[in-house]
Structure formats: C-alpha cells, structure tokens
Amino acid sequence: MADPSSYRPKPGQIPDSPGVYKFRDEHRRVIYVGKAKNLRQRLANYFQDLAALHPRTRTMVTTAASVEWTVVSTEVEALQLEYSWIKEFDPRFNVKYRDDKSYPYLAVTLNEEFPRVQVMRGAKKKGVRYFGPYGHAWAIRETVDLMLRVFPVRTCSAGVFKNAARTGRPCLLGYIGKCSAPCVGRVTPEEHRELADDFCDFMAGRTGTYIRRLEKDMMAAAEEMEYERAARLRDDVEALKRAMEKSAVVLADATDADLIAVAEDELEAAVQIFHVRGGRVRGQRGWVTDKVENVDTSGLVEHALQQLYGEETGDSVPKEVLVPALPEDPDAVSQWLAGRRGSQVSLRIPQRGDKKDLMATVQRNALQALGLHKTKRASDLTTRSRALEEIAQALGLDTAPLRIECFDISHLQGDDVVASMVVFEDGLARKSEYRRFQIKGFEGQDDVRSMHEVIGRRFKRYLQEKERTGEWEETPAPTGPVPAPQNAATPTGPVPAPQDAATAPGTADPVPGTADPALGTVAPAPGTADPAPGTTDPDPDAEPREDDGRPKRFAYPPQLVVVDGGQPQVAAAKRALDELGIDDIAVCGLAKRLEEVWLPDDDDPVVLPRSSEGLYLLQRVRDEAHRFAITYQRAKRAKRIRASPLDAVTGLGETRKQALIKHFGSVKKLKQATIDEICEVPGIGRRTAESVAVALASAAPATPAVNTATGEIIEEDDGGSTT
C-alpha cells in the first residue's frame, strides 16, 4: 500500500486552471480519471489526512503510485477529455455503467446503396440510423411489419438480395407488396432511398404529415370512384395508426426528450432512461453500476450523460434532457451536449406537469431495476456461498455463518424505543423467525444501553430453551454475575432455574401482534409482510416444536450476531453475551456511514472491498433489520398519537366515543362538562358519564401541539377531536 505523501506534487507545480487528471498504480496502469475546474484545489483534496477521506477515496489514493494532469482551456474540453480517457483506459475506480441486457435497436443502414431495415444489437456503426432501444426484438418486428405496407423498404440480408438480383425473382415480400423489390429493378436507388428517408422521418416522430397525406389521397381516390385504391390507402392509414399506438403518448406537446432517473444505495446504483420522441416513448434502457468511487447523485447523472451521449451526434442527442439532479457544472455539460447535437440542449430538473409525472415513472422503473438486480444477486446460490465464506474469512470465523441475526434500535427523539431482530439463514431472510422488542429497562434515548438489553433478553431465552430440553447445564459465568431472567433490565444477579414464561402454568402464548409477557417481544401481526410466529410451517420438520405443537422461540443460536452501529454498540452486545456466559457466538457491527465492520476489542474496523459479496450480504441484513424496526416504531407511535383518555373507560366503545366528541366538539370541552351535561348525549347513562368524568379528570395533561412553521401553539379545540 503506497503512502500518498510519497507521490504528492508540490502545490506550486499544480496549475489552478481547468483540466483532467489521472492516477496510476505502481505498474503504470491508470486506475482513476477525473476532471476539475481548478486542478490545484481538486488534487489537494486527495492528499489530506487518510482518516478524513471516504473509504473508497482512501483505497484509491493508497493504491495509486503517481498522479498526472492535462490542462485544457475550457470545462467543456475537460468533460470531453475525461470521457475519452475513461473509454481508453477503463480505470477500475471510475463508475462504469453496464447494460443489464443487450438492448435491440431498429436500424436503417443508410450507408448502403439500398438501405435495409433490421434489428441490430451491440456497438453502433457509422452511417446507420438507430431507433430505440426497445425492450424486445419482437416488438420491433411487429412495428416494422405494419409499416412495410406504407414504406416497402428492403429488409432482406445481403445474400438474399444478391440471389434475387441474380435470378431476377424477388422474395415473398416483393410479391405481397411489403418490399419495393429494388433487387429486380422495380424501383431506382433514388426512389428506394426516398422510401427509407420517409421511414426514418416517421420513426423519428414526424407522423402527422404522412397520415394526413394518405388520408387526402384516400379521399381523392374515393371521389374518382377508385374504391380498391381508396380501401388500400385506408388500410395503410390504419396500419400506421396501429404502429403509433405501440408507443403511448406521454407528452402532449410532441416533445423530444430523454428522461434519466437514478436509484441508489451505499454500494450500487441503477440508471433508467426513457427516450421520448414526438411526445411518445420510443425506447427504454437501463444500467447498473457498483459505486467504486465516492460519488453522489449529481456525479452518477454526469457519468450517465457521458456514457449515453459520448458517441452520439445530431438528432440522437435530444433537444431536452431531464434529470433528477444537475451535474456539478451544468453549464459545461449543457455546452458539451450542444456540441454533440449541433444546437442548443436544455438540461434541467422537471418541476411540474406531465414531465414531472413521467420522471416519477422513470424513477419507479429505476427502483424496480435495482431491486431486481439485488434479488438476482441474492438468489444465486454460488454468490451466497461466496458471501458467507468472505464474511467468515474477514471476521476470523472457523466456519461460514449459516445463521445470522441482526439487531437494530429505533426511536423518535427517545420516545417509543423499540428494537428488531431479523434472521438470515444460508444468506436468505427467514421472516418467520423475526422478532420485535419493546425497550422496558429504562426510558429515554440510549442506543448502547438498549442494545445491551435486547441482546441479553434474546439470549436468556436461548439459555432457557437449552435448560428446558436438558441440552445445557448451569455453569458459573466466566466474567461475573449473570442477570436474572425475571427482570430483563437488571444487569447483574445469579442465574435461577429458568422457566419459560410462554409455557409456564397458567400462561398463554402471546397473540400475534401483542407483546410477549416474558420478554417484551412482539410477534408480527397476521397479514403483514412478515409472517407471524406460530404460523404453521408447510414442512412439519422445518423447526422444533413445543409439546403442544407450537414452534419454539429463540431455540436456535446464530453463528454471527450483527448489530447496526459501531464500536459502542458492538461492545454492548459482547458484554451482554459475556454476562450470560456465552462465548461461542461471534459479534460484529456494521456502521452505516462508511460501511465499516467493527469487531469487539478492536480499535480499527475491518474494511471489506466495495465489490465484496460479504459486505453486500451484511448490508442487506442490516438494512432489513432497520426496515423492520422502523416499521414497528412508526406503528407504535401512530397508535400512541391516536390514543385518548376515553380509551380507559370500561364499556365505552367507538360509537359512543364519537358521539361524545361530536356533541362537545373536542376532548378539552368534554373535560370541562359536568356529569349532567354528559348524560345529555344519547346513549350515555349516569354511570357511564361518571366513569368518563373520572377518566378525564385523572388523565395527564396533553403536551400542546406546536406549528413548526410559525411556532404558535395549536389549541386543542381549534383542531377538533384529539382522539
């Protein structure tokens, strides 16, 4: 690993003008290319303290052995040179988009004497007019088949064309009127090229001219009583309209634009592009990339623009390019695009109307593409096996962690503190094993203490299961007293004979969606995205059962515990396991900001490569735990916000609650009413009225609501019901 200071140029040697720079490794291979408006300022950012650099940038500068730069006169030239160098050197630390499929194009070979219409894939060729890309080749063939009625352009291969010219007999399409048969001289090269040009104009979106011309000819033929010709023209018009219907109208003003959307996470990004010509979506394509460099959405958009238009000219670059975020220097990029097109190009973010709505559609496609890519990656058995092996190697485990449990804490400014536990087995989520916890040992915000409590409660149940089945014998804890199972918040105390609260006499298993009385865990409610514990597994041997047929809780130990957080959270989890005398379960933490893996008692994190399948799996586990925790926390908070003092009144249902609120206008006014006034509400008797008055009198005063925009206190009776 090279020391960046060993090849750092002196500040006076670096010019302060625009330019492009490239880092080389010890073998003189280019590993990174970048551009800057001010080379001196930009390069100085790479040679600061390594601890302050982003991990991706830190890896790049320690891999490099030298840096070079080239001065240019304008930022547009810098953009062009950067693209050229990236194409030439293919540097490993630059973002490189890769097509998630080989998209087919509708191509017209205008570089031939008799242009041919065909489906083409791969690199674009000079002198060929391309339309698309399309999602499927069959969609192109259907469109071409409809249009050949009106524009009978050659579609045959060179071999078929030469054979027809030699024999003097055209192919079948020439006999049925779907080819003008230039091979046998039915049309001249000039007439055939005119047909090809008309075909290209129609595909480019200039459809109205041809349809109006055909309709005019049809009416003229009908007036002259040439009904067969009029019928043929009518069929031609219908064929063109059907071809147009295959691309929906999305922008009413016949706009020519490309819309680019980006979906990203910490490791990968997906880009989706919709090509709109004449107000219709003419093509769609997408890329997925690993974020090997420290780049934000603006940088991803700029890289996408370079790849999309770097080799395009003329009308292939649209008049308008709509993006989710502008590049760092939008004026320079706009000038570069204008140079490729030959006229002005508008680069902007859509703010309203149809274009904003279409951008939202493109964004949904990008999210789906990223999700599909991740699903394919996660479902591959070889990839999962490699990920588990990489985790075992990085953490120093003896075997691959086939069962991983991840814990996360969620709260809102210290209120409604909850935790989640998600389980991955063989690299796949096992949602029937998910659990949710309510933090009961204390009030307030303390993620470290919360993590200690949750880990302790989860593994106390594991020890109880082992004790009940006779798989574990009580031994003195090596690190001190062990907390009593009856009180999850107590940090110390001897271990009594464990008794499972879920199976103790006189107790019942918690109903899904309610709290576990022993641990404060909450089982996911039926019908939610995460299966409720206690549901029947299709395989009766899939998990061990209690004597009454119910599945065991917390019966299996994981090989690896992952916590969402850094060194403090890892230390808290390890301490909880030590207090219980458990020393055969590995612990690590994944810090979200830098994606660093922390181990107990280590001062420095483990940094996995950005392309590591092991890091990708850890990230998926951590993100799933975060999703599960925050979903529960939001539901708990919403339930608390909707709570009312009237909920404590026995026998008062929703109908009579609403009747009281409707009669008095708000809980505040109801609280000021007398018992006799409450009795005036239909359906409310004297005893119920007394219960309501007592409940409201004993209720704690609600915290006043504050308008965050103006700072004023919102009166309760102004807003109506606060139930």
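Residues numbered from 1 in each chain as written. Predicted model: local features only at pLDDT ≥ 70, side-chain atom pairs only at ≥ 80, totals over all residues. Heavy atoms only, no water.

Peer 1: Pulling in residues and values, what's your account of the overall build of the chain?
Peer 2: Per the secondary structure count, the chain includes 20 helices and 22 strands. When the 723 residues of the chain are sorted by exposure, 47% land in the buried category. Counting contacts in the chain only where the partners sit at least 6 residues apart, residues at least 24 apart contribute 64% of the total. Roughly 35800 Å² of accessible area belongs to the chain as shown, and the carbon and sulfur atoms make up 50% of that amount. (Helix = DSSP H or I, 4+ residues; strand = E, 2+ residues; numbered from the N terminus. Buried < 20%, exposed > 50% of the residue type's maximum accessible area, 1.4 Å probe, protein only. Contact = heavy atoms within 4.5 Å. Areas by Shrake-Rupley, 256 points an atom, 1.4 Å probe, with all protein chains shown as cover.)

Peer 1: Pulling in residues and values, what's your account of the sheet that holds strand 7 (residues 128–131)?
Peer 2: In spatial order, the strands read 6-5-7; together these three strands make up an open sheet with antiparallel pairing. In this open sheet, the two edge strands, each paired with only one partner strand, are strand 6 (117–120) and strand 7. Within the sheet, the average angular offset between the axes of one strand and its neighbour, ignoring direction, is 35°. As paired elements, strand 5 (residues 105–109) and strand 7 share four bridges and run antiparallel to each other. Looking at the pairing, L106 lines up with F131 of strand 7. On top of the sheet, helix 7 (residues 189–203) reaches strand 5, strand 6 and strand 7; it is set at about 150° to strand 5, its chief contact. (Pairing = 2+ DSSP bridges. Axes fitted to C-alpha atoms, helices over the stretch in contact; angles between N-to-C directions.)

Peer 1: So, the side chain of T688: which residues are in play, and what are the values?
Peer 2: As for its position among the elements, T688 is in helix 20 (residues 686–698). Take T688: its relative accessible area is 18%, and that puts it in the buried class. In contact with T688, not counting residues within four places along its chain, are L652 and R656.

Peer 1: Residue-level account of the environment of R24, with values.
Peer 2: Among the secondary structure elements, R24 is positioned in strand 1 (residues 19–24). R24 sits 40 residues away from A64 along the chain, and the two C-alpha atoms are 5.3 Å apart. Contact partners of R24, with chain neighbours within four places excluded, come to R29, V30, I31, A64, A65, S66 and E68. A distance of 2.9 Å separates a polar atom in the side chain of R24 from a polar atom in the side chain of E68. (Polar contact = N/O pair within 3.5 Å; in protein donor to acceptor, adjacent residues only side chain to side chain.)

Peer 1: Requested: an account of the environment of F442, with residues and values cited.
Peer 2: The topology assignment puts F442 in the loop between strand 16 (435–438) and helix 14 (447–469). For the pair F442 and V417, spaced 25 residues apart in sequence, the C-alpha to C-alpha distance is 9.8 Å. Excluding anything up to four places from it in sequence, F442 contacts R449, S450 and E453.

Peer 1: An account of the pattern of salt bridges is requested, with residue identities and associated values reported.
Peer 2: Once their charged atoms are close, side chains differing in charge can pair, the charge on each being opposite to the other. Considering all chains together, one arrives at 25 salt bridges under this definition. The shortest N-O distance in the salt bridge between R154 and E112 comes to 2.9 Å. Of this pair, R154 sits in the loop between helix 4 (137–147) and helix 5 (158–167) while E112 sits in the loop between strand 5 and strand 6, and the two are 42 residues apart along the sequence. A salt bridge links R622 to D623, with the shortest nitrogen-to-oxygen separation between them at 2.8 Å. On the accessibility criterion, R622 (1% relative accessible area) is buried. The exposure class assigned to D623 is partly exposed, which follows from its relative accessible area of 29%. If you follow the salt bridges from partner to partner, you end up with R403, E405, E425, R430, E433 and R458 in one network. (Salt bridge = Lys/Arg side-chain N within 4 Å of Asp/Glu carboxyl O.)

Peer 1: Report on the sheet that holds strand 2 (residues 30–36), specifying residues and quantitative values.
Peer 2: Taken together, three strands build an open sheet; the order of strands is 2-1-3 and the sheet is antiparallel. The open sheet has two edge strands, strand 2 and strand 3 (66–71), and neither has a second partner. The sheet shows a mean angle of 20° between the axes of neighbouring strands, direction not considered. Where strand 1 lies against strand 2, six bridges are found, and the strand directions are antiparallel. Bridging from a neighbouring strand, G19 pairs with A36 of strand 2.

Peer 1: Give me the lowdown on the side chain of E302, citing residues and values where you can.
Peer 2: Mapped onto the elements of the fold, E302 is located in helix 10 (residues 297–309). Judged by its relative accessible area of 9%, E302 falls in the buried class. The residues contacting E302, other than those within four sequence positions of it, are K35, L79, E82, P327, E328 and V333.

Peer 1: Before we move on, could you go through the packing of helix 10 against helix 11 (residues 330–341) and cite the residues and values that matter?
Peer 2: Running from N to C, helix 10 and helix 11 cross one another at 10°; their axes reach a closest spacing of 12 Å. One way to sum up the angle between helix 10 and helix 11 is to call them roughly parallel. On helix 11, the residues that touch E302, L305, Q306 and Y309 of helix 10 are V333, W336, L337 and R340. Partitioning the contact of helix 10 with helix 11 into residue classes produces five nonpolar, one polar and two charged. (Parallel < 35°, antiparallel > 145°, perpendicular 65-115°, else oblique. Nonpolar A, V, L, I, M, F, W, Y, C, P; charged D, E, K, R; others polar.)

Peer 1: Describe the packing of aromatic side chains, listing the residues and the values that go with them.
Peer 2: One pass over the structure, following the stated rule, counts 14 aromatic pairs. Put simply, the rings of Y7, Y21, F23, Y32, Y46 and F47 pair up and form one aromatic cluster. Above the ring of F89, the side-chain terminus of R24 is found at 5.9 Å from the ring centroid. (Phe/Tyr/Trp six-rings, centres within 6.5 Å; stacked < 30°, edge-to-face > 60°. Lys NZ or Arg CZ within 6 Å of the ring centre and 35° of its normal.)

Peer 1: Outline a negative patch on the surface, listing residues and values.
Peer 2: Residues E113, E190, E191, E194 and D197 make up a contiguous surface patch of negative charge. Note that E190 resides in helix 7. (Patch = residues over 30% accessible without salt bridge, like charges linked within 9 Å, V, L, I, M, F, W, Y side chains within 5 Å. Lys, Arg positive; Asp, Glu negative; His and termini not counted. Charge placed at Lys NZ, Arg CZ, Asp CG, Glu CD.)

Peer 1: So what's going on with helix 13 (residues 381–395)? Residues and values would help.
Peer 2: Between the first and last C-alpha of helix 13 there are 21 Å, a value that for 15 residues agrees with the 21 Å anticipated at 1.5 Å per step. Along helix 13, the residues that are buried comprise T383, R384, A387, L388, I391, A392 and L395. (Expected span 1.5 Å × (residues − 1).)

Peer 1: An account of the pairing of strand 1 is requested, with residue identities and associated values reported.
Peer 2: Buried residues dominate strand 1, accounting for six of its six residues. The side-chain alternation of strand 1 yields two buried faces, one formed by G19, Y21 and F23 and the other by V20, K22 and R24. In this structure, the hairpin formed by strand 1 and strand 2 is closed by a connection of five residues, where R28 is found at a positive phi of approximately 70°.

Peer 1: Explain helix 20 to me, using residue names and the numbers behind them.
Peer 2: Every α-helix carries 3.6 residues per turn, so stepping three or four residues along brings you back to the same face. In this model helix 20 runs 18 Å from its N-terminal to its C-terminal C-alpha over 13 residues, within 8% of the 18 Å that 1.5 Å per residue would give. Listed in full, the buried residues belonging to helix 20 are T688, A689, V692, A695 and L696. Summarising the axial view, the buried residues of helix 20 lie within an arc of 130°, below the 170-degree limit, and thus occupy one face. Exposed and oriented more than 90 degrees from the buried face of helix 20 are R687, V694, A697 and S698. On its buried face, helix 20 is in contact with helix 17 (654–664), helix 18 (667–672) and helix 19 (675–679). (Arc of directions from axis to C-beta.)

Peer 1: Provide a residue-level description of the pairing of strand 5, including the pertinent values.
Peer 2: The element strand 5 is largely enclosed, with a buried count of five among its five residues. Here strand 5 shows a buried face lined by Y105, A107 and T109 and a second buried face lined by L106 and V108. Relative to strand 6, strand 5 is paired through four bridges, and the arrangement is antiparallel. Within strand 6, the residue paired with V108 across the bridge is V117.

Peer 1: Describe the confidence of the model for the chain, and please don't skip the residues or the numbers.
Peer 2: Summary statistics for the chain give a mean pLDDT of 76 and a share of 78% for residues scoring 70 or more. Within the chain, strand 17 (residues 521–522) has the poorest average pLDDT of any element, 47, and strand 11 (residues 320–322) the best, 91. Confidence drops under pLDDT 50 across residues 474–545; counting only partners more than four residues distant or on other chains, this segment forms 141 contacts. Taken as a whole, residues 716–723 scores under 50 in pLDDT and shows 19 contacts with residues more than four places along the chain or in a different chain. (pLDDT = per-residue confidence, 0-100.)

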